[in-house]
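Below, each chain spelled out in residue letters.
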Amino acid sequence: MKNIETLVRKNILNLKPYTSARDIYQDGIFLDANENSFGSFIESDIVDLNRYPDPHQKELRKALSELINISSDKFFFGVGSDEIIDLSIRIFCEPGKSNVIIPTPTYGMYQVACAINDVEVKSVKLDDSFDLDLEKTLNAIDSNTKMIFLCSPNNPTGNLLSIERIKSLAKSFEGIIFLDEAYIDFAEEYSFINQISDFNNVIISRTFSKAWGLAGVRCGYCIADEVIVNLLFKVKAPYTINKLTSNAIRKAIQISERKNLFVKNIIEERKKLIIELSKLNFVKKIFPSAANFLLVEMSNAKFVFDYLNDKKIRVRLRSDDERLKDCLRITIGTPEENDLLIKALMELN
Ligand SMILES: *Cc1c(COP(=O)(O)O)cnc(C)c1O
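Residues numbered from 1 in each chain as written. Predicted model: local features only at pLDDT ≥ 70, side-chain atom pairs only at ≥ 80, totals over all residues. Heavy atoms only, no water.

A. Just the UniProt feature "modified residue: N6-(pyridoxal phosphate)lysine" (unreviewed entry) in the protein chain, in detail. Sites flagged by UniProt as "modified residue: N6-(pyridoxal phosphate)lysine" (unreviewed entry) map to Lys-210. In this fold, Lys-210 is placed in the loop between β6 (202–207) and β7 (220–223). Dropping the residues within four chain positions of it, Lys-210 is found in contact with Ala-182, Tyr-183 and Asn-292. A distance of 3.1 Å separates a polar atom in the side chain of Lys-210 from a polar atom in the side chain of Tyr-183. (UniProt positions renumbered as here; feature names shortened; annotations may be inferred. Helix = DSSP H or I, 4+ residues; strand = E, 2+ residues; numbered from the N terminus. Contact = heavy atoms within 4.5 Å. Polar contact = N/O pair within 3.5 Å; in protein donor to acceptor, adjacent residues only side chain to side chain.)

The structure is reproduced here in structure tokens:
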């Protein structure tokens, strides 16, 4: 186990957090927060929209703790996992001094969040199977390296990272590993969640935006050691998770079998899409995917991209890495959407 507090920026460690009215009292006659005591402006089945939400996310943390059997003290909810990425960088990285390692190609937001916080990024390449290259990553660590961002299943390549390599990195590295499991619902048995109690320097981040189908709600969460969770609570704005969000997420958790059904259907469609895409002459390679998208290498990806756009079919052209320069990232759609995609591509064949 690492001593997390020695990793925290001094100003954050010494920070006296803002104390909101609902930090102090959760019941009584509320004349302490300048809310509108007369009531809420809009009709809603959620009570007391005129009142601030719970800054401690108690009900949400309890609901999720029951669903995934991990102590509620280890959960923190953010306005999308993007908020958790940003807060983590702010807690651990000194602007203009610290650096962060990002094995690439991966999700672009890590780099942007570092740039916003004036934190240097050291990119190292993932290996030939887009798995973690332990040697390269370890070699890139210096005394100012505070965090390493990993993504498994990785966006945009779709593959899982080896749990053994993540463990090994987490053991050797004195800083924080931010492990983004945004797509883990599609490969649940490969989650790092079963290892989390052995590694207090790993933050596992997840989201309701993908498998759960709640991207519009903007809610993500992380699972981490209580020390890290407390730091996240210390630096977040007082009322990030609103009552509408909290209500929607708690309802979703109650009917979580629906998410499992989504996952099952998406994986079936993924199989179908792989079969159909591999019939096309211009498709050179379909990368193995443990997510709800496929990375597909083509003989002329830009041409196919433009062709699909003309038909108002939007896919993602990934060109930020040499190895992806002829690749498209295609999200698995509904059966009808996928049929339209295949039909369009067959016509091009
Ligand atoms: C989509 C995505 C996210 C974004 O999650 P939000 O909770 O919607 O902010 C995070 N990480 C990865 C790898 C993603 O692909």
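B. Seen up close, the environment of Glu-83. In this structure, Glu-83 sits in helix α4 (residues 80–92). Along the backbone, Glu-83 and Gln-111 are 28 residues apart, and their C-alpha atoms lie at a distance of 14 Å. Leave out the neighbours within four places in its chain, and Glu-83 touches Gly-78 and Thr-240. There is a polar contact of 2.6 Å between the side chain of Glu-83 and the backbone nitrogen of Val-79.

C. Structural view of the site of the ligand. As a structural note, the neighbourhood of the ligand is formed by 14 residues, with Ser-81, Asp-180, Tyr-183, Thr-207 and Lys-210 the closest of them. Contact between the ligand and Asn-155: an oxygen atom at 2.9 Å from a side-chain N or O atom of the residue. Here an oxygen atom of the ligand and a side-chain polar atom of Thr-207 are 2.5 Å apart. Protein chains shield 94% of the accessible area of the ligand, which is 390 Å² for the free molecule. When residues of the shell around the ligand are assigned to their parent elements, the largest contribution, three residues, is made by α4. (Near = heavy atom within 4 Å. Areas by Shrake-Rupley, 256 points an atom, 1.4 Å probe, with all protein chains shown as cover.)

D. The arrangement of the sheet that holds strand β5 (residues 176–180) in detail. As summarised here, the arrangement of the seven strands in space is β1-β7-β6-β5-β4-β2-β3, forming an open sheet in which the pairing is mixed. At either end of the open sheet lies a strand with only one pairing partner, and these are β1 (75–78) and β3 (120–125). Here the strands of the sheet are splayed against their neighbours by 25° on average, with no regard to which way each runs. Running over the sheet, helix α5 (residues 109–116) touches β2 (99–104), β3, β4 (145–151) and β5 and is turned about 155° from β4. (Pairing = 2+ DSSP bridges. Axes fitted to C-alpha atoms, helices over the stretch in contact; angles between N-to-C directions.)

E. Broad picture of the packing of aromatic side chains. Applying the stated criterion to the full structure yields 12 aromatic pairs. Between Phe-75 and Tyr-221 the ring centres are 6.1 Å apart and the planes differ by 65°, which places this aromatic pair in the edge-to-face class. Linking Phe-75 in strand β1 with Tyr-221 in strand β7, this pair joins segments that are 146 residues apart in sequence. Pair check on accessibility: Phe-75 and Tyr-221 agree, each one buried. Consider the rings of Phe-76 and Phe-233, whose centres lie 5.0 Å apart with planes at 85°: the pair is edge-to-face. Taken as a pair, Phe-76 in strand β1 and Phe-233 in helix α8 (residues 226–235) lie far apart in primary sequence, 157 residues in all. According to the relative accessible area criterion, Phe-76 is buried, its value standing at 0%. An aromatic cluster is built from Phe-75, Phe-77, Phe-208, Trp-212 and Tyr-221, whose rings are joined through pairwise contacts. One Lys or Arg, Arg-22, reaches over the ring of Phe-30 and ends 3.6 Å from the middle of that ring. Over the face of the ring belonging to Phe-293 we find Arg-329, whose NZ or CZ atom lies 5.7 Å from the ring centre. (Phe/Tyr/Trp six-rings, centres within 6.5 Å; stacked < 30°, edge-to-face > 60°. Buried < 20%, exposed > 50% of the residue type's maximum accessible area, 1.4 Å probe, protein only. Lys NZ or Arg CZ within 6 Å of the ring centre and 35° of its normal.)

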